[in-house]
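Remarks on the overall topology
Listed below, chain by chain, are the residues.
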Amino acid sequence: MFSESSPAPLAGQVALVAGATRGAGRAFAVELARAGAYVYATGRSSRTSGQSEINRPETIEDTADRMQEAGGAGAAYVVDHEQPDQVEELIARIRREHGRLDVCVNDIFGGDRYADFGAKLWEHDLAGGLRMLGMGVNTHLITAHFALPLMLENDRALLVEVTDGTAEYNANYRHGVGLYYDLVKANVGRLVLGLHAELGGLPVTVVGLTPGWLRSEAMLQQFGVTEDNWRDAIAEVPDFWISESPSYVARGLAGVAADPAYERHGGRILDSAVVAREYGVTDVDGSQPDCWRFLAEKPDVVSDPGLMADYR
């Protein structure tokens, strides 16, 4: 744990970022802490208990360090969100320590390693497909189940379900990724729709949020670049010019959470570019990448960095 930061837009609020070890989840924790919230960051990979099955070097303690470097306050815990008892104890801890939960971000997945891209349902590894559903759907349901009663005690609270793809994009089957991956992401959108209906008239607002092409740690490693020189990968993968850093969508989330009228977003799937424009945030390079609009408007156009001015 570390000390409280100076007053900021979310000062006095308590946030939970479930799935904060790396990627967008880590950035969500950092930006919410930077904005003044006390952030509980959870993940499975730890310096002390070891790596998760994803087998990557990032740890939840690293996320705590990043929050502290941002001048924020919070704590990091090892929690497996597929295990109801662990999530129940986490929420009990939040209640004991703060007595409130203002923002809950469900960013749990990590099932990409089980995706059998290009395989039909009957060809896909069954155990791996079911594991993806557990990691990407059950975790969200379990976390919301235990978090919502505490959130409902507030005058207002925000539940954010993180997905991959806008509602319009995910309305169609996502060819090439396999039925299980498509089902996971479609389920998150349906969860937003269902919870929005169930929470009608109650003080919790649920929204979906999607980044565009995320330059996660794994993605940068795949292309042999870093965040500092990511543009070098465009020569090999021209589409990469529309990518974005994890900080971009996280800055947008902080804007939503600080909005005194965020209820108007209830039931919607927001994307990083939409919230960036609305809340005046940019990516780390000062641009505003608009990946999903590009895919919607130029689906048959060979990627051309010359289009950057229109979509960044």
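Residues numbered from 1 in each chain as written. Predicted model: local features only at pLDDT ≥ 70, side-chain atom pairs only at ≥ 80, totals over all residues. Heavy atoms only, no water.

In the nomenclature of an unreviewed UniProt entry, the protein chain is known as Short-chain dehydrogenase of Parenemella sanctibonifatiensis.

One pass over the structure, following the stated rule, counts 11 aromatic pairs. Consider the rings of Tyr40 and Tyr77, whose centres lie 6.2 Å apart with planes at 20 degrees: the pair is stacked. Taken together, the positions of Tyr40 in strand E2 (residues 38-43) and Tyr77 in strand E3 (residues 73-78) put the pair 37 residues apart, joining distant regions of the chain. Here Tyr77 falls in the buried class, since its relative accessible area comes to 17%. A network of ring pairs unites the aromatic residues Trp213, Phe223, Trp230 and Phe240 as a single cluster. Seen from the ring of Tyr114, Arg113 lies directly overhead, with NZ or CZ sitting 5.2 Å from the centre. (Phe/Tyr/Trp six-rings, centres within 6.5 Å; stacked < 30°, edge-to-face > 60°. Helix = DSSP H or I, 4+ residues; strand = E, 2+ residues; numbered from the N terminus. Buried < 20%, exposed > 50% of the residue type's maximum accessible area, 1.4 Å probe, protein only. Lys NZ or Arg CZ within 6 Å of the ring centre and 35° of its normal.)

Among the 7 residues of strand E6 (residues 204-210), 7 are classified as buried, and the element is accordingly described as predominantly covered. Burial of E6 is two-sided: the residues Val204, Val206, Gly208 and Thr210 facing one way and the residues Thr205, Val207 and Leu209 facing the other way are all buried. Across 6 bridges, strand E5 (residues 157-162) lies against E6 in parallel orientation. Among the inter-strand pairings, Val162 is bridged to a residue of E6, identified as Leu209. (Pairing = 2+ DSSP bridges.)

Moving on: the sheet that holds strand E4 (residues 103-106). The strand order E3-E2-E1-E4-E5-E6-E7 describes an open sheet built from 7 strands, whose pairing is parallel. Only two strands of the sheet have a single neighbouring strand rather than two, namely E3 and strand E7 (269-271). Looking at each pair of strands side by side, their axes are set apart by 20 degrees on average, direction ignored. The pairing of E4 with E5 spans 4 bridges and is parallel. Counted as the bridge partner of Val103 is Leu158 from E5. Across the sheet, helix H9 (residues 272-279) is in contact with E6 and E7; its angle to E7 comes to roughly 75 degrees. (Axes fitted to C-alpha atoms, helices over the stretch in contact; angles between N-to-C directions. Contact = heavy atoms within 4.5 Å.)

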